[in-house]
Amino acid sequence: MARGIGRAMQKAVAREGLDVDLDASGRSLANARRRQVFRYLCLRPCARIGDVGRDLLMSQATVRWHAWDLVENRYLQAEGTRVFPLGLIEPADAALFAAIASKGRAAVLAAAFESPGISLLEIAKRVALTRQSVSKIATELSEFGLVRLADDGRYRRLYPTDLLVRKREANRSRAAAFSEALLRRMAEEGLSPELMRKDETTLSIRFGDGHRRVLLEIPLDPYATAWMRSA
Amino acid sequence: MRKIRSGVYGLNPLLDGGVNENSTTVVIGRSGAGKTTLATQFIRRGLQDGQEGIFVSLDENKEQIIREAVEMGWSDILEYLDDELLVFIDASGREFSNFIRKELPAFVADWKGSTARIVIDPLTPVLWSTKDLYEQRDLIGYMFKQTRKVGTVLCTLEEHGPADLAGSETVIPMYLADCVVHLRFNSNDSDPSRLLKIVKCRNSRHSPSAHPFQIVRGLGIVVQGSDGGRPVTVKTPTQLRQLLLTRSLPKNVRESLDKSLDGLTDADFRGLKPEEILELILQEYQGA
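All values derive from a computational prediction rather than experimental measurement.

Engineer: Tell me what's going on with the interface of chain A and chain B, and back it up with residues and numbers.
Structural biologist: Across the contact, 18 residues belong to chain A and 28 residues belong to chain B. Regarding the contact of chain A and chain B, the summed buried area is about 2200 Å², with carbon and sulfur atoms giving 59% of it. Linking chain A to chain B there are two salt bridges. For Glu 84 of chain B, the salt bridge goes to Arg 7 of chain A, with nearest N and O atoms at 2.6 Å. At the boundary of chain A and chain B, one finds six residue pairs in polar contact (both at pLDDT 80 or more). The element that contributes the greatest number of residues to the side of chain A that touches chain B is helix H1 (residues 5-15) of chain A, accounting for nine residues. Looking at the side of chain A that touches chain B, its residues break down into seven nonpolar, three polar and eight charged.

Engineer: Give me the sheet that holds strand S7 (residues 202-208) of chain A: which residues, what numbers.
Structural biologist: Hydrogen bonds between backbone groups are what pair the strands of a sheet, and the pairing can be parallel or antiparallel. Residues and elements named next belong to chain A. The three strands are arranged S6-S7-S8 in an open sheet whose pairing can be described as antiparallel. Edge positions in the open sheet fall to strand S6 (194-198) and strand S8 (213-219), since each of these has one partner strand only. Here the average twist between neighbouring strands, direction ignored, is 20 degrees. In terms of strand pairing, S7 meets S8 through seven bridges, oriented antiparallel. Paired with Ile 205 across the bridge in S8 is Leu 216. Across the sheet, helix H2 (residues 32-43) lies against S7 and S8, angled at about 20 degrees from S8, the strand it touches most.

Engineer: Which residues make up the nonpolar core, and what values do they have?
Structural biologist: With 62 residues, the main nonpolar core has Leu 29, Phe 38, Ile 100, Leu 158, Leu 182 and Ile 218 of chain A as its most contacted residues. By size, the runner-up hydrophobic cluster in this structure holds 39 residues, among which are Val 26, Val 153, Leu 157 and Met 174 of chain B.

Engineer: Please set out the packing of aromatic side chains residue by residue, giving values where relevant.
Structural biologist: For the coordinates displayed, the defined rule picks out seven aromatic pairs over all chains. Taken together, a centroid distance of 5.7 Å and an interplanar angle of 25 degrees make the contact between Trp 65 of chain A and Trp 68 of chain A stacked. With Trp 65 of chain A and Trp 68 of chain A both in helix H4 (residues 60-72), this residue pair falls three residues apart, about one helical turn. A relative accessible area of 47% places Trp 68 of chain A in the partly exposed class. Its guanidinium or amino end placed over the ring of Phe 42 of chain B, Arg 117 of chain B lies 4.8 Å from that ring's centre, counting from NZ or CZ. One residue, Arg 194 of chain B, lies across the ring of Phe 185 of chain B, its end atom 4.0 Å from the ring centre.

Engineer: I'd like to hear about the environment of Gly 93 of chain B, residue by residue, with values.
Structural biologist: Residue and element names in this part refer to chain B. Structurally, Gly 93 is set in helix H4 (residues 93-111). For Gly 93, a relative accessible area of 8% gives the class buried. In sequence terms Gly 93 and Asp 59 are 34 residues apart; their C-alpha atoms lie 8.4 Å from each other. The contact partners of Gly 93, leaving out residues within four places of it in the chain, are Pro 125, Val 126 and Ser 129.

Engineer: So what's going on with the pattern of salt bridges? Which residues, and what values?
Structural biologist: All names here are of chain A. For the coordinates displayed, the defined rule picks out 33 salt bridges over all chains. Two residues, Asp 55 and Arg 44, come together in a salt bridge whose shortest N-O distance is 3.7 Å. Of this pair, Asp 55 sits in helix H3 (residues 49-56) while Arg 44 sits in the loop between H2 and H3, and the two are eleven residues apart along the sequence. Given the relative accessible area of 10%, Arg 44 is considered buried. Note that Arg 48 is salt-bridged to Asp 51, the shortest N-O span being 3.6 Å. Exposure remark for Arg 48: the relative accessible area of 54% places this residue in the exposed category. Taken together, the shared-partner salt bridges connect Arg 44, Asp 55 and Lys 103 into one network.

Engineer: Got a sec to walk through the sheet that holds strand S5 (residues 156-160) of chain A? Specific residues and values, please.
Structural biologist: Residues and elements named next belong to chain A. One open sheet holds the three strands; their spatial order is S3-S5-S4, and the pairing between them is antiparallel. The two strands at the open ends of the sheet, each matched to only one other strand, are strand S3 (118-119) and strand S4 (147-151). Here S4 pairs with S5 via five bridges, running antiparallel. Opposite Val 147, over in S5, you have Pro 160 as the bridge partner.

What counts, and where the lines are drawn
Residues numbered from 1 in each chain as written. Chains lettered and ligands numbered in written order. Predicted model: local features only at pLDDT ≥ 70, side-chain atom pairs only at ≥ 80, totals over all residues. Heavy atoms only, no water. Contact = heavy atoms within 4.5 Å. Buried area = accessible area lost by both parts, 1.4 Å probe. Salt bridge = Lys/Arg side-chain N within 4 Å of Asp/Glu carboxyl O. Polar contact = N/O pair within 3.5 Å; in protein donor to acceptor, adjacent residues only side chain to side chain. Helix = DSSP H or I, 4+ residues; strand = E, 2+ residues; numbered from the N terminus. Nonpolar A, V, L, I, M, F, W, Y, C, P; charged D, E, K, R; others polar. Pairing = 2+ DSSP bridges. Axes fitted to C-alpha atoms, helices over the stretch in contact; angles between N-to-C directions. Core = buried A, V, L, I, M, F, W, Y, C linked by side-chain atoms within 4.5 Å. Buried < 20%, exposed > 50% of the residue type's maximum accessible area, 1.4 Å probe, protein only. Phe/Tyr/Trp six-rings, centres within 6.5 Å; stacked < 30°, edge-to-face > 60°. Lys NZ or Arg CZ within 6 Å of the ring centre and 35° of its normal.

What follows is the structure in structure tokens.
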């Protein structure tokens, strides 16, 4: 029998509270939809507001409103039109995250990681894009140093570089500091955060206002999750 | 039915060897009676046998329970916590009730057949999550039925009524649980005393008496006066079997009675005499 029944029950008990607002008006993360926006941007920093809204079934205006509040309350950082969790990524990588946040680029990058040396023609078939679009995206990704293009005389092929792997490793200490800072920030807001679990990829915090407590699971591995899609 | 060790010294013999696996036990007692100590012993014993433990704490926070366990000398539970073999769930009664209603079916489907030990301490806030008695019965009955599919469950229950076990909130869980253990603590006398009594235990023989117990640092609850060391005697069933041979009874009745006596011991007859039982059997079957 598989292990982990306790953790599974803990999650199931807390799931009930995932989508509820806490009776703590004025505190940023007390709002259930704002927590969704924050969590999404931890998963995919610098994602476009339109994509966030589409994935979370919210209007762009709602996403923008919550993102603005999170910036005001020092949970997110804004760089021009890009927003990302404060302290979770290297700010200089904002452009890189903005690039791989798009579904098309993420799909091409994923194809290169899944099948190193895959031809652009094969990628086009796999991700349902035109050959021209794939070619354009491959060039953009190679400009960021994320992939390498090679011509074998017959096909143009795509190979992943180790840039993301290196950045991911280098980001571990930053993610740990982010976790600490987030817990402190929530405590300042009077949300009584309780650390349920912390490992290299996920932070689970249970918090609330005394009457009601909710569980927030924060992905801490943006250099992997930004472009990996489950669907 | 498979027996699992309760972890409480002296309790297993009173339950014919231990707690039935995949059963629900309710431990009832007033504040300070030793309910949480018993629950901790139960869950710790499972951990020692490699079973996972879930401690649902609906009242005290987990730090308090862990601190008390460590003070008792059971600091090994910290390692079980680190390894996630033991998981504490802090929740309000309402949260846990909502879990029962909305999430439990899917959870049980995922984990059916698990051998975890699950403690709910105390069950009282779940009962109080609704005022309607029918809903309470429905909620508790459903929870017992489902959770025993994923492990062996022990719930504690606060006793509030003026007389023993008379409080309305004890009636429903007592009725629905497979096994009920009552802990009594008499602190008013100059000589404080503690008593443990098994009120019922489905599918199991159990001691009918109230047994004194102590809470000992390092050991937890130690029940005295269990007859675990006493040899099992079968005098009454043997005599009854012989007496049945001397009387005229239909063949199928005799065979059926003979079979019924298999495995019974003197303790099962609770002082009934073989001659007395024989007389009643004859009244029932002779001339029928």
